[in-house]
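If you want the building blocks of each chain, they are given just below.
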Amino acid sequence: MKIVIDALNYIASLGPMVMMPIIILVIGLILRQKLSGLIRSALLVGIGFAGVNTTVNFFISSVGPAIQKMVSIWGLRTDIMDVGWPARAAATWSFPMAAIVVIVVLGVNILMLTLKWTRCVMVDFWSYNHFIFTAALVWYTTKSPTLAVISAIITAVVSFLLADWTAPLAENYFGLPGVSFPTSNSVNWAPIAWFMDKVYDRIPGFRNLKADPEFIQKRFGILGEPMLMGLIFGIIIGLLGHQPTNQVLTIGMSTAAAMVLIPKMMQILMEGLIPFADGIKDMLNRRFSGSNFTIGIDAALTVANPSAIAVGILMVPTTLILAMILPGNRLLPLPDIAYQAMWLAAWPVAFSKGNIIRGWVTTVIITCLVLLGATDMAQIHTQLAIAGGFKIPHGLSLISTEDAGTHLISWIIWKIMSIF
Amino acid sequence: MKKVLVCCGSSMITSSVAINKLKEVFKKENIDVTFGQCKFSEVPSMAKTFKPDVIVPTGPLDEKAAGGVPIVRGTSFITGVGEKETVEQILNILKK
């Protein structure tokens, strides 16, 4: 085991741009994928990583110092910069033990399916990163590879079981039969969403309140547009930081640029990863198909419904206010504010059958936990990011992401494992 | 040259999966296609500037956002259920 860890550490020291292609090649060859397609996949993934590194570093270096200025002038507590979920994901894939976690969890899924302990066939390779994230958190604190892998396994098992539990709701509310959502950082909020809806049923008056999603989307839809929101946020940060006009405009454009450029880099990464992931999907589908199973896919599909989108729009100003007033929160959640809100709103609106008022209240509660979680994880998040090739400029000490905060199970397991 | 706009929530993950599938389809059918990729919230502006022949969202998309461009839901590319029908619908629109 030590030789494997040492080898992985050596490869990791080469940086994710070099490491990820090597890992893809190795896993692909083990799974007997075609070499020509594999090489193309591996290169694109490495290039995608280089792109995400470059664009996120651009975002951090242009906007980070401006945030620091604003924070110090106004005495704000929100000094931890949210660098966006692509950075969190890229840093997670760069974690040396990523490949081990993937292989082990794949084995666990196959084992559980064979023993009929789950119906969920997790073909969503990308979402394995959430299991790797738990491993990373635990490893950085305990330095134990064994505990890290066990933590990833527990995360995966809980996710498969939650996916099974929410599958009927997925069919009824999201209109997606035959699928389930083992994406841990989405489905780990389902129990809270379920519980809160039961609570609302008992509150006379409140339990009858409704609101119309179309109205909200029509009036305030612009709050979801990343390029414009980026420009506005950047300008506000510049103004609040008492920057000179040319700087205000530069910071505004830099933020808007980051909102557009980072996704483009992720698209390149995905272009490389998908054919490789398809190979894994085909292998699983060959073994486990039919009505006894559900196809485990990305919870991104839970986001695209009018109620989740409407709650997401409402959460843009709400999350900002929460970030400012919530005691204990230090995260300034900017880049993903609209998307994370929609993501977190999915189960609340599903359990409340599309009710936006209930969905909003539950999402507020969840977001508070997310902000506190993101703050708590900042130390490790920063180390993970630096190891993943991200640069933290002088003056900024910690970065984190709202996305990290959405990993409730990972946080719980990490805290438990930290006791050992 | 036909233009297909694929969109999803983040513009990064599920839309990439759909595009990967569609690339294979169009190669087999020998249709020249340029892809656009964006978030749902960006569709109104992309519909006007990119002028796609069809929009393929991986989730429900408001018809008003599409500004008259035909929409074919691409959820099946992610779930794996009903892909053939979705592909047929898209091809029908492009071959017009």
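Quick caveat: nothing in here was measured; it's all calculated off a predicted structure. (Residues numbered from 1 in each chain as written. Chains lettered and ligands numbered in written order. Predicted model: local features only at pLDDT ≥ 70, side-chain atom pairs only at ≥ 80, totals over all residues.)

Quick word on the interface of chain B and chain A
Part 1 of the reasoning: With 23 residues of chain B in contact, the opposing surface of chain A contributes 25 residues.
Part 2 of the reasoning: Of all the secondary-structure elements, those providing two or more residues to the side of chain B that touches chain A are helix 1 (14–29), strand 2 (33–39) and helix 4 (76–79) of chain B.
Part 3 of the reasoning: Counting residues per element, the side of chain B that touches chain A draws most heavily on helix 1 of chain B, at four residues. (Contact = placed C-beta atoms within 7 Å. Helix = DSSP H or I, 4+ residues; strand = E, 2+ residues; numbered from the N terminus.)

Thoughts on the sheet that holds strand 5 (residues 331–332) of chain A
Residue and element names in this part refer to chain A.
Part 1 of the reasoning: Taken together, the three strands give an open sheet; going across it, the order is 5-1-6, and neighbouring strands pair in parallel fashion. With partners counted over all chains shown, the strands left at the sheet margins are strand 5 and strand 6 (399–400), one partner each.
Part 2 of the reasoning: Where strand 1 (residues 80–82) and strand 6 come together, two bridges link them in parallel fashion. Within strand 6, the residue paired with Asp82 across the bridge is Ser400. (Pairing = 2+ DSSP bridges.)

Some thoughts on the UniProt feature "domain: Phosphotransferase system EIIB component type 2/3" (unreviewed entry) in chain B
Part 1 of the reasoning: Annotation from UniProt places "domain: Phosphotransferase system EIIB component type 2/3" (unreviewed entry) at residues 3–87 of chain B.
Part 2 of the reasoning: Taken end to end, residues 3–87 of chain B is 44% helix and 20% strand, and its two terminal C-alpha atoms sit 15 Å from one another. (UniProt positions renumbered as here; feature names shortened; annotations may be inferred.)

Focus on unusual backbone geometry
Trans peptide bonds make up most of the peptide bonds, and negative phi angles are found at most residues other than glycine.
All names here are of chain A.
Part 1 of the reasoning: For Lys116, which is not glycine, the phi dihedral falls at a positive 60°.
Part 2 of the reasoning: With respect to the helices, strands and loops of the structure, Lys116 is situated in the loop between helix 5 (98–114) and strand 2 (120–122).
Part 3 of the reasoning: The backbone of Lys143 shows a phi angle near 55°, a positive value even though the residue is not glycine.
Part 4 of the reasoning: Mapped onto the elements, Lys143 comes out in the loop between helix 6 (129–142) and helix 7 (145–173).
Part 5 of the reasoning: Owing to 9 C-beta atoms within 10 Å, Lys143 belongs among the exposed residues under this scheme. (Buried ≥ 20, exposed ≤ 12 C-beta atoms within 10 Å, placed from the backbone.)

Quick word on the packing of helix 4 (residues 85–93) of chain A against helix 6 of chain A
Residues and elements named next belong to chain A.
Part 1 of the reasoning: Two numbers describe how helix 4 lies on helix 6: the axes approach to 9 Å, and their chain directions differ by 70°. As summarised for this structure, helix 4 and helix 6 are arranged roughly perpendicular, according to the angle between their axes. Where helix 4 approaches helix 6, its residues Ala89, Thr92 and Trp93 are matched on the opposing element by Asn129, Ile132, Phe133 and Ala136.
Part 2 of the reasoning: Class assignment for the residues of the contact of helix 4 with helix 6 results in five nonpolar, two polar and no charged. (Axes fitted to C-alpha atoms, helices over the stretch in contact; angles between N-to-C directions. Parallel < 35°, antiparallel > 145°, perpendicular 65-115°, else oblique. Nonpolar A, V, L, I, M, F, W, Y, C, P; charged D, E, K, R; others polar.)

A closer look at the packing of helix 5 of chain A against helix 7 of chain A
Residue and element names in this part refer to chain A.
Part 1 of the reasoning: Following both chains from N to C, one finds helix 5 and helix 7 inclined at 40°, their axes separated by 10 Å at the closest point. On the basis of the axis angle, helix 5 is oblique to helix 7. As for how helix 5 packs across helix 7, the hand of that crossing is right-handed. For the pair helix 5 and helix 7, the contacting residues are Ile100, Val101, Val104, Val105, Val108, Asn109 and Met112 in the first and Val149, Ala152, Ile153, Ala156, Val157 and Phe160 in the second.
Part 2 of the reasoning: Of the residues contributing to the contact of helix 5 with helix 7, the split by class is twelve nonpolar, one polar and no charged. (Left-handed = near helix turned anticlockwise from the far one by under 90°.)

Some details on the nonpolar core
Part 1 of the reasoning: The biggest cluster of nonpolar side chains holds 178 residues, and the ones touching the most others in it are A:Val101, A:Ile132, A:Ala135, A:Val311, B:Val43 and B:Ile55.
Part 2 of the reasoning: Considering every element that reaches this core, the biggest residue donor is helix 12 (residues 245–287) of chain A, with 17 residues.
Part 3 of the reasoning: With residues near it in sequence (within four places) discarded, A:Val101 still touches A:Phe131, A:Ile132, A:Ala135, A:Val149 and A:Ala152. (Core = buried A, V, L, I, M, F, W, Y, C linked by C-beta atoms within 7 Å.)

Structural notes on helix 10 (residues 213–220) of chain A
Residue and element names in this part refer to chain A.
Part 1 of the reasoning: Turning to helix 10, its buried residues are Pro213, Ile216 and Gln217. Along the axis of helix 10, the buried residues cluster in a sector spanning 95°; they form a single face. Exposed and facing more than 90 degrees away from the buried side of helix 10 are Glu214, Phe215, Lys218 and Arg219.
Part 2 of the reasoning: Packed against the buried residues of helix 10 are helix 13 (306–325) and helix 15 (356–387). (Arc of directions from axis to C-beta.)

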